[in-house]
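# Coordinates in review
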Amino acid sequence: MEHSTRTLTVDKKENLYAVADGVTGMKIIFVNVYFVRGSEGPSGNWVLVDAGLYGSAQRIKKVAEAHFGKDARPSAIILTHGHFDHVGALKELALEWNVPIYANHLEIPYLTGLSSYPPPDPSVGGGAMAYMSFMYPKKPINVGGLVQPLPTDGSVPGLPEWRWFHTPGHSPGHVSFFRERDRTLIVGDAVVTRKPESALAVLTDDPEICGPPTYFTPDWAAARQSVEAIAALQPNVIASGHGVPMRGERMRDELEELAKYFDQLAVPTHGRYVNQPAVMNEQGVISVPDAVSTPATKALKIAGLITVAGLAAFAISRRKKNNKANSAESPLDNHPYYGEEMNLSVYGEIPEVEDNELLRRSGPKQHENSAQRYPGNRDFIRPDSPSNEYP
Ligand SMILES: [Zn+2]
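Residues numbered from 1 in each chain as written. Predicted model: local features only at pLDDT ≥ 70, side-chain atom pairs only at ≥ 80, totals over all residues.

### Overview of the overall build of the protein chain
This is how the line gets drawn: The way it works is that DSSP assigns letters per residue, a run of H or I at least four long becomes a helix, a run of E at least two long becomes a strand, and they are numbered from the N terminus. The burial label depends on the number of other C-beta atoms within 10 Å of a residue's C-beta. Counts of 20 or more mean buried, 12 or fewer mean exposed, and intermediate counts mean partly exposed, with C-beta atoms placed from the backbone. Contact definition: two residues whose C-beta atoms, as placed from backbone geometry, lie within 7 Å.
The number of helices and strands found in the protein chain is eleven helices and 16 strands. Taking all 391 residues of the protein chain together, 50% fall into the buried category. For the protein chain, long-range pairs separated by at least 24 residues make up 72% of all intrachain contacts whose partners lie at least 6 apart in sequence.

Here it is as structure tokens:
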């Protein structure tokens, strides 16, 4: 079948991907989380890999309950890394579910308020997403007391078939999760399946194996080694933090090519961390190279702001249109999708959340539309297609 060479079965309406046996992906605006079953049966446990954007906790819970039953909660939340778009709902979910969080020990300073990540580098260029990266939240979250290091033996708590691998570069304690049985790899942002710097690429789902987001990767030598290690695993399925999960021959070809020509394909031609990495250890960031500050980067900031304004305006007009078509949807169907996806103001406005605020909050704001979108990608499997395997 044609689709098996490219992307996976997908439920567009719910933004869910049937990734592999017992593995379901869920797209939250532009970032994915994964529900992974550890064992079968009614008492079978599961874990949540990554925790999406701020404000998505209730959506994640709803999908979890649809999958695993009412009041279902995982045995743990396990992180590929701690960037803001992977930990947005982390604190709220961990407190509500009362479950432990696991991350690589090198990632823990950024999860316990000890250190901020190295600043993103808008000077790498490549598109509006990169230009806007100066607005991304940089302050660390604090889930101290809830987070503990992954076991040093490579095992994954609650998932006996899986192993974790250190895949640093995009962040110092970045890890990937691999299941040998069917060679499924949950790869975080070490490899993504969508050009991450371009706002246009965020609006489409045409997948392609790419290196980690350039504006947010402070160690390119480590990132290259990680991609080489990932390619050497010869995964059948790659489920990344951004973009549609991919499988098959073309994915493997692209992955191999990326590993082989990493410097040409993935490393930006210029930028703050290109010649010199940020230095980090168990305490967090030790030193960072000087910022590349030129008149051009200032212009890029302005271009980024204009793009935000333009996309937001477009999103509003789009949403108005979509609302007419979708006014009869049930609340469960109210997922952020087309319109929300373009409302990139979400990047700059992730509020700080205090503990008491977390407990008080009744839930995220309701999103107003669930516009479905078929991006003209032949490899996409539509929910009504007979080969749809979900759930
Ligand atoms: Zn990241």
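### Describing the sheet that holds strand S10 (residues 159–166)
Just so we agree on the cut-off: Following DSSP output, two strands are said to pair if at least two bridges run between them.
Read from one edge of the open sheet, six strands run S9-S10-S11-S12-S13-S14, paired in mixed fashion. A single partner strand is all that each edge strand has here, and the edge strands are strand S9 (155–156) and strand S14 (246–247). Judged from the four bridges that link them, strand S12 (residues 184–188) and strand S13 (residues 237–240) form a sheet pairing that is parallel. Residue pairing in the sheet places Ile 186 in a bridge with Ala 239 of S13.

### What to know about helix H7 (residues 249–260)
To be explicit about the condition: For a helix, the expected span equals 1.5 Å multiplied by the number of residues minus one.
End to end, H7 covers 16 Å across twelve residues, agreeing with the expected 16 Å (1.5 Å per residue, within 8%). Buried residues along H7 sit against helix H6 (220–232), S13, S14 and helix H8 (262–265).

### A few points about the environment of Ala 190
Its location among the elements puts Ala 190 in the loop between S12 and helix H5 (199–203). Along the chain, Ala 190 and Thr 167 lie 23 residues apart, while their C-alpha atoms are 6.6 Å from each other. Residues in contact with Ala 190, not counting those within four places in the same chain, are Thr 167, Gly 169, His 170, His 174, Ser 176, Pro 212, Ser 226, Val 227 and Ile 230.

### A short note on the environment of Val 237
Note on placement: Val 237 falls in strand S13. Placed ten residues apart in sequence, Val 237 and Arg 247 show a C-alpha to C-alpha distance of 4.3 Å. Every residue in contact with Val 237, bar those within four places of it in the chain, is listed here: Val 19, Ala 20, Arg 183, Thr 184, Leu 185, Pro 245 and Arg 247.

### Description of the pairing of S10
In this structure, S9 lies alongside S10, joined through two bridges in antiparallel fashion. When the bridges of S10 are listed, Ser 155 appears paired with Arg 163. Linkage of S9 to S10, two consecutive antiparallel strands, is achieved through a turn of two residues, within which Gly 158 is found at a positive phi near 85°. With five bridges joining them, S10 and strand S11 (residues 175–179) adopt antiparallel strand pairing.

### Some thoughts on the pairing of S11
Of all the five residues making up S11, five are buried; the element is thus mostly covered by neighbouring parts of the structure. Residues of S11 alternate between two faces, with Val 175, Phe 177 and Arg 179 on one and Ser 176 and Phe 178 on the opposite face, all of them buried. Of the strand pairs in this sheet, S11 and S12 are connected by three bridges, and their pairing is antiparallel. Its bridge partner lying in S12, Phe 178 is registered against Leu 185. Counting the residues in the hairpin turn of S11 and S12 gives four residues, including Arg 183, whose phi is positive at 50°.

### A look at the nonpolar core
Rules: In this usage, the nonpolar core is the set of buried Ala, Val, Leu, Ile, Met, Phe, Trp, Tyr and Cys residues whose C-beta atoms join them within 7 Å.
Counting residues in hydrophobic clusters, the biggest one holds 81 residues, and the most contacted among them are Ile 77, Leu 90 and Ile 101. Aside from chain neighbours lying at most four places away, what touches Leu 90 is Ala 51, Ile 77, Ile 101, Ile 141 and Val 143.

### Re the confidence of the model for the protein chain
The test is simple: The score called pLDDT rates the predictor's confidence residue by residue, from a low of 0 to a high of 100.
Per-residue confidence for the protein chain gives a mean pLDDT of 76, with 64% of residues at or over 70. Under a pLDDT of 50 for its full length, residues 1–7 has, in the predicted model, 20 contacts with residues more than four places off or in other chains. Segment residues 321–391: pLDDT under 50, and 121 contacts once partners within four positions in sequence are set aside and those in other chains are kept.

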